[in-house]
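Here's the letter readout for the chains.
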Amino acid sequence: MRIVRATDTFSAELKEFMCAAVQRRRDDDGFRGSRGGGKSRNAMDLDSDSGNRLVCVTGGVSYLGRAIVKRLLVHGYSVRIVVDCPEDKEKVSEMEADAETASFSNRITSVVSRLTEIESLIKAFDGCAGVFHTSAFVDPAGISGYSKSMAELEAKVSENVIEACTRTASVRKCVFTSSLLACTWQNNTYNNLGYSVINEESWSDEQLCIDNKLWYALGKLKAEKAAWRIADSKGLKLATICPALITGPDFFNRNSTSTLAYLKGAKEMYSNGLLATMDVNRLAKAHVCLWEGLGNKTAFGRYISFDTILSRDGAEKLAKDIGVQIEKICGNSNDSDANAETDASLQISDKKLLDLMSRTLRSCYHES
């Protein structure tokens, strides 16, 4: 119900373009300022990026990472992509040659950095105003594509990234990609004894994830909690976004391992009305909105992000797209009918994100 209608698409895209243009104009009119040379982090103005338009994206060659990079370029930013192996630099070269980003290729750079080493990350982040942390670890050899060891590794990398942010003088803020799964797996939810609404205050139950071997949910949960623990203790501006299953053009071929890992437990999510999807390009827009909201103090905390809660028809389309039997996603039709009333008792709320994006659009539109 929040997907823009076809008749509104041009108007929405035009307003977004104007919003990006306004921000670039403001930079050109004297908002660039000095970086302040060798000032320490505490001596710097933490409420301003001082006009620095260089940002860093971990996992920038991933399915979501590419979309975020493109969106940042459209909004006038320069992007440094962190890759963890030399082979991935070739993917950056492919992005530079891509028709959608070719005209921005002079604003794309890449750096090889080990996400498991804080000092390596500090060097990669140096000079950037902030970081978009989208990197995730997958284990193609695992049954679900994501093993318990991957969950532990993802949490450790999260700690390293946020710690590196706090120790890099130029870095002011971080937008962190978590998952809706870090919010939805709760004992009280699945027994209909507790919360009826899943929102930014909801957290999954770690022990439930372990007991049910929901390693992808566990990894996202532990990684996000680690990020908040360090950011809160060291004063880093942080916003986390918790998207539903990421879909979009050719999503399964380009993001198959994460897709399958997300869908472990799909039948339970579906029966409780919590199996939802999020378009990759709209998710990228939301990331940039959070980034700019952190700068003007309108964004804070956690945000839920989704487009559609899957109906039976939506589940059938998803099953077809990823090549699995429909029963693996939502069971048989009799099960779905039996759970119809239960579905209605549980809701996912992304009101906080929608309010932020609406305010941001109105603000920059009036300034144009």
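Going by the structure above, here's the rest.
Residues numbered from 1 in each chain as written. Predicted model: local features only at pLDDT ≥ 70, side-chain atom pairs only at ≥ 80, totals over all residues. Heavy atoms only, no water.

## Overview of the overall build of the chain
- Within the chain, the secondary structure is distributed over 18 helices and 12 strands.
- In the chain, buried positions account for 52% of the 368 residues.
- Sequence separation of 24 or more characterises 76% of the internal contacts of the chain that already satisfy a separation of 6 or more.
- By element, 50% of the accessible surface of the chain is carried by carbon and sulfur atoms, the whole surface being about 16,800 Å². (Helix = DSSP H or I, 4+ residues; strand = E, 2+ residues; numbered from the N terminus. Buried < 20%, exposed > 50% of the residue type's maximum accessible area, 1.4 Å probe, protein only. Contact = heavy atoms within 4.5 Å. Areas by Shrake-Rupley, 256 points an atom, 1.4 Å probe, with all protein chains shown as cover.)

## Regarding the sheet that holds strand E5 (residues 173-177)
- Here 7 strands make up an open sheet; going across it, the order is E3-E2-E1-E4-E5-E7-E10 and the pairing parallel. The sheet is open, and its two borders are formed by strand E3 (108-112) and strand E10 (301-305), each paired with just one other strand. Each neighbouring strand pair of the sheet contributes to a mean axis angle of 20°, computed without reference to strand direction.
- As judged from the 5 bridges shared by strand E1 (residues 54-58) and strand E2 (residues 78-83), these two strands associate in the parallel manner. Within the sheet, the bridge partner assigned to Thr 58 lies in E2 and is Val 82. (Pairing = 2+ DSSP bridges. Axes fitted to C-alpha atoms, helices over the stretch in contact; angles between N-to-C directions.)

## What about the sheet that holds strand E11 (residues 308-309)?
- Strand order in the open sheet made by the 3 strands is E8-E9-E11, with mixed pairing throughout. Unpaired on one side and paired on the other, strand E8 (245-247) and E11 mark the two borders of the sheet.
- Both E8 and strand E9 (residues 276-279) contribute to a ladder of 3 bridges, which runs parallel. Residue Leu 245 lies in a different strand from E9, and its bridge partner there is Thr 277.

## A closer look at the pattern of salt bridges
- In the structure shown here, the tally under the stated rule is 14 salt bridges.
- When the shortest N-O distance is used, the salt bridge between Glu 159 and Arg 229 registers 3.0 Å. Highlighted residues: Glu 159 in helix H5 (residues 148-166) and Arg 229 in helix H9 (residues 215-234), separated in sequence by 70 residues.
- By relative accessible area, which is 49% here, Arg 229 ends up partly exposed.
- Measuring nitrogen to oxygen at the nearest pair gives 2.6 Å for the salt bridge that ties Arg 302 to Glu 224. Here Arg 302 is found in strand E10, whereas its partner Glu 224 is found in helix H9, with 78 residues between them in sequence.
- Residue class for Glu 224 comes out buried when judged on its relative accessible area of 0%.
- One connected set of salt bridges, linked through shared partners, spans Lys 156, Glu 159 and Arg 229. (Salt bridge = Lys/Arg side-chain N within 4 Å of Asp/Glu carboxyl O.)

## Brief notes about the side chain of Arg 172
- Positionally, Arg 172 belongs in the loop between H5 and E5.
- When its relative accessible area of 3% is taken as the criterion, Arg 172 is described as buried.
- For Arg 172, the side chain forms a polar contact with the main-chain oxygen of Ser 170, separated by 3.2 Å. (Polar contact = N/O pair within 3.5 Å; in protein donor to acceptor, adjacent residues only side chain to side chain.)

## A look at the nonpolar core
- With 105 residues, the main nonpolar core has Leu 72, Ile 81, Phe 125, Ile 162, Leu 180, Tyr 262 and Leu 290 as its most contacted residues.
- Filtering out sequence-adjacent residues up to four positions away, Leu 290 remains in contact with Val 175, Ala 239, Thr 240, Ile 241, Ala 299, Tyr 303, Leu 353 and Leu 356. (Core = buried A, V, L, I, M, F, W, Y, C linked by side-chain atoms within 4.5 Å.)

## Concerning helix H14 (residues 312-322)
- When we look at burial in H14, the residues that qualify are Ala 315, Leu 318, Ala 319 and Ile 322. On an axial view of H14, the arc spanned by its buried residues comes to 100°, and they lie on one face. Turned more than 90 degrees away from the buried face of H14, the exposed residues are Asp 313, Lys 317 and Lys 320.
- Among the structural elements, E8, helix H10 (251-254), helix H11 (256-262), helix H12 (266-271) and helix H15 (327-330) are those in contact with the buried residues of H14.
- A positive backbone phi angle near 75° is found at Gly 323, which sits one or two residues after H14. (Arc of directions from axis to C-beta.)

## What about the packing of aromatic side chains?
- Across all of its chains, the model carries 2 aromatic pairs by this definition.
- Above the ring of Tyr 77, the side-chain terminus of Arg 53 is found at 3.8 Å from the ring centroid.
- The positively charged end of Lys 173 is found above the aromatic ring belonging to Trp 291, 4.3 Å away from the centroid. (Phe/Tyr/Trp six-rings, centres within 6.5 Å; stacked < 30°, edge-to-face > 60°. Lys NZ or Arg CZ within 6 Å of the ring centre and 35° of its normal.)

## Quick look at helix H3 (residues 86-97)
- Along H3, the positions that sit buried rather than exposed are Asp 88, Val 92 and Met 95. End-on view of H3: buried residues confined to an arc of 65°, all on one side of the axis. Of the exposed residues in H3, those oriented more than 90 degrees away from the buried face are Pro 86, Glu 87, Glu 90, Glu 94 and Ala 97.
- Buried positions along H3 lie against helix H2 (63-74), E2 and E3.

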